[in-house]
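Close look at the chain arrangement
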Amino acid sequence: MKTLAELAAIREQMKDKVAIRTGSGEVRVVVGMATCGITAGARPVLNAFVEEVANQGLADTVKVTQTGCIGICQYEPVVEIYEDGKEKVTYVKMTADKAKEVVAKHLKGGAPVAEYLIGNI
Amino acid sequence: MTDLSLYILDITMNSVRAGAKNISVTLEEEKGLLTFKVTDNGCGMTADQVEKLSNPFFTTRTTRKVGLGIPFLRMLAEQTGGGVDIASRSEKEYADHGTTVTATFHSDHIDFVPLGDLVETIITLIQGSPDVDFLYRHISDKGVDVRMDTAEMRAILGDDIPLNSFEVLSFIRGFLEDQYAQK
């Protein structure tokens with residue numbers, strides 16, 4: 001049974017890491033989490049990104065965030081990726097599996113997964 | 001939406017978007033009646049806005065012309081023989097502003113949906129709003145007794161470790177799952 005006391009240990013482990021995390025050149029993964037997104041399955045997509053970014057060791061540079069309705073509800077779940085100096089990339093009709101693939105190929109490998117992009121679906 | 005946990009995520013997101021700093025989400029199950037209540041100290045709504053709220057063609061957003069969150073919740077509640085009540089005090093009129101949405105469901109009704117993954121919903125809320133204090137409580141007459149207060153966690157973690165760092169989210173997931181496994 002987990003107790004709150006474990007948080008004190010997590011705090012000790014993380015104290016030094018937090019300082020490194022702030023201020024680095026950042027990639028932002030933005031998941032649409034309005035009614036349209038949630039209904040279409042955005043929750044598992046978001047959590048797949050959160051988990052996979054951590055598993056692939058990208059948590060220091062990639063920030064996963066949520067937003068409201070982007071305005072293209074018929075393409076939900078929609079995920080936008082913002083990277084310094086690059087054009088915004090929009091993935092549509094996402095699933096948790098596609099999210100894992102995007103983390104591996106795009107966020108880690110540097111090449112967007114063309115077949116899930118908004119222009120190609 | 002296929003399960004109640006998604007409705008809860010959607011409705012609680014309204015509190016987040018209302019700028020609330022404190023949001024309480026409670027689920028109580030007793031004798032086949034499930035009550036879901038979310039209370040926030042966000043900007044609130046005027047009586048006029050509350051009245052329009054169940055009309056799907058009313059929304060304050062600008063990206064689309066329909067707002068389906070509350071109508072969806074109301075439809076689900078009413079088709080099980082329950083209902084939705086919304087009480088709100090707008091910041092324009094009250095110093096102690098905020099909104100309370102209460103939905104009741106007859107959980108033994110054939111048109112009710114499964115509860116779904118409530119832990120995932122809470123994790124998603126904290127991930128998106130690490131600075132909001134969420135109080136979550138789920139009790140049932142079948143032995144569920146789950147309680148989580150992010151303010152308590154924040155007090156232990158301090159201000160420099162965000163609640164949505166992966167390590168903390170993983171802890172909270174386990175913390176909730178353990179409590180659900182106790183029943």
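What you are looking at is a predicted structure, and each value in this text was computed from that prediction instead of being measured. (Residues numbered from 1 in each chain as written. Chains lettered and ligands numbered in written order. Predicted model: local features only at pLDDT ≥ 70, side-chain atom pairs only at ≥ 80, totals over all residues. Heavy atoms only, no water.)

Details of the overall build of chain A
When helices and strands are tallied, chain A shows 4 helices and 4 strands. Going residue by residue from the N terminus, the α and β elements of chain A occur as α-β-α-α-β-β-β-α. C-alpha atoms of chain A, sized along the principal axes, occupy 45 × 35 × 20 Å. Across chain A, every contact between residues at least 6 apart in sequence was considered, and the portion connecting residues at least 24 apart equals 61%. Carbon and sulfur atoms form 50% of the exposed surface of chain A, whose accessible area is close to 5,800 Å². Side chains of chain A carry 15 positive and 15 negative charges; the gap between the two charge centres is 2 Å. (Helix = DSSP H or I, 4+ residues; strand = E, 2+ residues; numbered from the N terminus. Contact = heavy atoms within 4.5 Å. Areas by Shrake-Rupley, 256 points an atom, 1.4 Å probe, with all protein chains shown as cover. Lys, Arg positive; Asp, Glu negative; His and termini not counted. Charge placed at Lys NZ, Arg CZ, Asp CG, Glu CD.)

Here's the deal with the interface of chain A and chain B
Interface size is commonly expressed as the accessible surface area that is lost when the partners come together. In this complex, chain A contributes 33 residues to the contact, which on the side of chain B involves 39 residues. In total, about 3,200 Å² of surface goes out of reach between chain A and chain B, with carbon and sulfur atoms giving 65% of it. Here B:D160 and A:R11 are joined by a salt bridge, their closest N and O atoms 3.3 Å apart. Where chain A meets chain B, there are 13 residue pairs in polar contact (both at pLDDT 80 or more). Contributing elements (two or more residues each) for the side of chain A that touches chain B: α1 (5-21), α2 (35-40), α3 (42-55) and β2 (62-67) of chain A. In terms of residue count, the dominant contributor to the side of chain A that touches chain B is α1(A) (10 residues). Taken together, the residues of the side of chain A that touches chain B break down into 18 nonpolar, 7 polar and 8 charged. (Buried area = accessible area lost by both parts, 1.4 Å probe. Salt bridge = Lys/Arg side-chain N within 4 Å of Asp/Glu carboxyl O. Polar contact = N/O pair within 3.5 Å; in protein donor to acceptor, adjacent residues only side chain to side chain. Nonpolar A, V, L, I, M, F, W, Y, C, P; charged D, E, K, R; others polar.)

Points about the packing of α3(A) against helix α6 (residues 166-182) of chain B
Between α3(A) and α6(B), the shortest axis-to-axis distance is 11 Å and the interhelical angle comes to 125°. On the basis of the axis angle, α3(A) is oblique to α6(B). With respect to the hand of their crossing, α3(A) and α6(B) are arranged in left-handed fashion. Residues A:N47, A:V50, A:E51 and A:A54 of α3(A) form the contact with α6(B), whose own contacting residues are B:F166, B:L169 and B:R173. Class assignment of the residues belonging to the contact of α3(A) with α6(B) gives a composition of 4 nonpolar, 1 polar and 2 charged. (Axes fitted to C-alpha atoms, helices over the stretch in contact; angles between N-to-C directions. Parallel < 35°, antiparallel > 145°, perpendicular 65-115°, else oblique. Left-handed = near helix turned anticlockwise from the far one by under 90°.)

Let's talk about the pairing of strand β5 (residues 133-140) of chain B
Residue and element names in this part refer to chain B. Relative to β5, strand β1 (residues 22-30) runs parallel, the two being bridged by 8 bridges. Residue pairing for β5: E28 is matched across the bridge by I139. Examined bridge by bridge, β5 and strand β6 (residues 145-149) share 5 bridges and lie antiparallel to one another. Pairing of R137 across the sheet is with R147, part of β6. Hairpin geometry of β5 and β6 is characterised by an intervening segment of 4 residues between the two adjacent antiparallel strands and by a positive phi of about 105° at G143. (Pairing = 2+ DSSP bridges.)

Side note on the environment of B:S88
Residue and element names in this part refer to chain B. Of note, S88 is situated in strand β3 (residues 83-89). In this structure, the C-alpha to C-alpha distance between S88 and L176, residues 88 residues apart in sequence, is 30 Å. Dropping the residues within four chain positions of it, S88 is found in contact with G44, M45, V50, G98 and T99. Looking at S88, its side chain comes within polar contact range of the main-chain nitrogen of M45, at 2.8 Å. At 2.7 Å, the side chain of S88 and the side chain of T99 are in polar contact.

Coordinates in, geometry out; function isn't part of it.
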